[in-house]
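Given next are the chains, with one letter for each unit.
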Amino acid sequence: MANVTFVNAGKTVRVGPLSNLRRVALGAGIPLYNGLAKAINCRGAGTCGTCRVKVEPADALTPPTPLEKLRGCTGPMRLACQAQLASDRHDLVVTKMEGFSGKGTRPQPGPGIQGS
Ligand code: FES
């Protein structure tokens with residue numbers, strides 16, 4: 001099992017390999033979408049880009065899918081609906097950034113972010 005810490009929510013969830021990040025977050029009641037994206041998203045189809053998150057370490061996930069590459073999600077920036085834990089050997093830190101698609105330079109405010 002690996003620990004996945006969602007920084008904005010200030011919550012850590014223990015999950016097994018090949019767990020999907022979107023399902024883990026939503027299953028734990030952790031918000032994954034900003035603003036209008038809460039209502040307007042593709043529900044995990046990989047087409048809207050609004051579930052974008054920053055994940056460290058990036059190599060603890062399965063390689064980016066073609067849909068992620070199409071959206072420029074490589075390195076630490078990933079689509080949560082497409083990304084799965086590659087194994088349970090690495091703990092992960094997941095940060096949702098500001099903006100409709102999570103492309104901002106600062107973390108989205110939340111209970112786990114100091115000063116929010
Ligand atoms: S939910 Fe739309 S791309 Fe992930």
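Above this note sits the structure.
Positions within a chain are numbered from 1, following the residues in the order the chain's sequence is written. In keeping with the model being predicted, local features are shown solely for residues with a pLDDT of at least 70 and side-chain atom pairs are shown and tallied solely at 80 or more, while totals for entire chains, interfaces and linings include all residues.

1. Points about the pairing of strand 5 (residues 92-95)
Condition: Criterion used throughout: strands pair if DSSP finds at least two bridges between them. Working definition: helices are DSSP H or I runs of at least four residues, strands are E runs of at least two. Numbering for both runs from the N terminus.
As defined by bridge partners, strand 1 (residues 2-6) adjoins strand 5 across three bridges and the pair is classed as parallel. The residue bridging Phe6 from the neighbouring strand is Val94, located in strand 5. As defined by bridge partners, strand 3 (residues 52-56) adjoins strand 5 across three bridges and the pair is classed as antiparallel. Across the sheet, Lys54 pairs through a bridge with Thr95, a residue of strand 5.

2. Thoughts on the nonpolar core
Note the following rule: For this entry, the nonpolar core is defined as buried Ala, Val, Leu, Ile, Met, Phe, Trp, Tyr and Cys residues connected by C-beta atoms within 7 Å. Buried residues are those with 20 or more other C-beta atoms within 10 Å of their own C-beta, exposed residues have 12 or fewer, and partly exposed residues lie in between; C-beta atoms are placed from the backbone. Note on contacts: each residue gets a C-beta atom placed from the backbone, and two residues are in contact if those atoms are within 7 Å.
Within the largest apolar cluster, 21 residues are counted, with the highest numbers of intra-cluster contacts made by Leu21, Cys51, Ala80 and Val94. Of all the secondary-structure elements, those providing two or more residues to this core are strand 1, helix 1 (21-27), strand 3 and strand 5. No other element matches the three residues that helix 1 contributes to this core. In contact with Leu21, not counting residues within four places along its chain, are Val53, Ala80, Ala83 and Val94.

3. Notes on the environment of Met77
Along the chain, Met77 turns up in strand 4 (residues 77-79). Taking C-alpha positions, Met77 is 16 Å from Asp91, a pair spaced 14 residues apart along the chain.

4. Focus: the sheet that holds strand 1
Selection rule: Axis definition: a line fitted to C-alpha atoms, limited for helices to the stretch in contact. Angles are taken between N-to-C directions and run from 0 to 180 degrees.
Spatial strand order, 2-1-5-3-4: five strands in an open sheet with mixed pairing. Each edge of the open sheet is held by one strand with a lone partner, namely strand 2 (11-15) and strand 4. Averaged over all neighbouring strand pairs, the angle between strand axes comes to 35 degrees, with direction disregarded.

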